[in-house]
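Report on the structure
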Amino acid sequence: MPPLAIFALVIGVIYGGVATASESAALGVVAATLLCAYKRVLTWEMLGRASEATLRTTGMIILITLAAFFLNFVLSSIGLTTLLVNAVTSLDLPPLGMMLGMMLAIILFYILLGCFMDTLAMLVTTAPLTVPIVIALGYDPVWFGVMLIVLCEMCQLTPPFGMNLFVVHSVRGQGKFMDVVMGVLPFLAMLLLMIVLLLAVPQLAMWLPDQMAHL
C-alpha cells in the first residue's frame with residue numbers, strides 16, 4: 001500500500017460518508033502501521049517515538065483547551081460577553097449596515113487571528129464572545145457555525161503559522177517554506193470566495209440543515 005493510497009483511503013471514507021474525521025484518522029493510523037510492517041521498518045523504537053510525539057501533541061492540545069475554558073469562565077463571570085452584545089446592539093447604525101459591517105469585522109478578526117493561533121484554541125477562546133454577537137445581529141447560529149468551519153480551514157493555510165503549511169513543508173522534505181506559502185495562495189483565494197458566497201447567499205449553508213429538518 002503506497003503512502004498515496006493511505007491518503008486516498010482516509011479522505012475517501014470521509015467524503016464517502018463511511019466514517020467521521022476522527023474515525024478516518026484512526027483508520028489512517030492502522031493503514032500506516034500495516035504499511036510499515038509490510039516494508040519491515042516497524043520497530044519498537046519507531047512505535048516509541050510515535051507514541052511520544054502523540055503524547056506531546058495531545059498534552060499540548062489538552063492544556064490549550066483547559067486554559068481556553070478557564071478564560072471563557074472568567075469572561076462570563078465578569079460579564080464581558082453581555083457587555084459586548086449590549087455595545088453592539090446599541091450602535092446607532094442602519095440594520096443592514098450594522099449586520100454586514102459587524103460580520104465583515106468578525107470574519108477579518110478570525111482571518112488575522114488564524115495567522116498566529118491554533119484552530120482549536122481560537123475556536124474555544126473566541127466562540128463564546130462572537131456567537132452571542134452574531135445571534136444578536138439576527139444571523140442563524142447554524143449558518144455561523146458553517147462559516148466558522150470555513151474560516152478555520154482557511155486559517156490552517158494562512159502564513160506564517162498555518163499548521164497545514166508546516167505539514168506540507170515537512171512532507172516535501174526539501175525546498176523553501178515560501179514555496180509552500182506561494183502554492184497555497186490559489187486555495188486561500190477559493191476559500192475567501194466561499195466566505196463571500198456564504199455571506200451573500202446564506203441559503204448555501206442552510207440547504208442541507210433545512211432538508212434534514214423536514215425528514
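Only a predicted model underlies this, so the values are computations on that prediction, with no experimental measurement involved. (Residues numbered from 1 in each chain as written. Predicted model: local features only at pLDDT ≥ 70, side-chain atom pairs only at ≥ 80, totals over all residues. Heavy atoms only, no water.)

**Concerning the overall build of the chain**
Looking only at helices and strands, the chain features 10 helices and zero strands. Reading the helices (α) and strands (β) of the chain from amino to carboxyl end gives α-α-α-α-α-α-α-α-α-α. Each of the 215 residues in the chain was classed as buried or not, and the buried ones make up 29%. Within the chain, contacts between residues separated by at least 24 positions form 64% of all contacts whose residues are at least 6 apart in sequence. Summing over all exposed atoms, the chain offers an accessible surface of approximately 14000 Å²; the carbon and sulfur share of this is 76%. (Helix = DSSP H or I, 4+ residues; strand = E, 2+ residues; numbered from the N terminus. Buried < 20%, exposed > 50% of the residue type's maximum accessible area, 1.4 Å probe, protein only. Contact = heavy atoms within 4.5 Å. Areas by Shrake-Rupley, 256 points an atom, 1.4 Å probe, with all protein chains shown as cover.)

**A short note on the UniProt feature "transmembrane region" (unreviewed entry) in the chain**
Sequence positions flagged by UniProt for "transmembrane region" (unreviewed entry) are, in local numbering, residues 6–38, 59–84, 96–113, 120–139, 145–168 and 180–205. Regarding residues 145–168, the helix share stands at 71% and the strand share at 0%, and the terminal C-alpha atoms are separated by 27 Å. (UniProt positions renumbered as here; feature names shortened; annotations may be inferred.)

**Observations concerning the nonpolar core**
In terms of nonpolar packing, the biggest core is built from 33 residues, with Met-103, Ile-107, Trp-143, Phe-144 and Met-147 touching the most fellow members. Those elements giving two or more residues to this core turn out to be helix H5 (95–114), helix H6 (119–136), helix H7 (141–155), helix H9 (177–200) and helix H10 (203–213). Excluding residues that lie within four positions of it along the chain, Met-147 makes contacts with Ile-107, Ile-195, Leu-198 and Leu-199. (Core = buried A, V, L, I, M, F, W, Y, C linked by side-chain atoms within 4.5 Å.)

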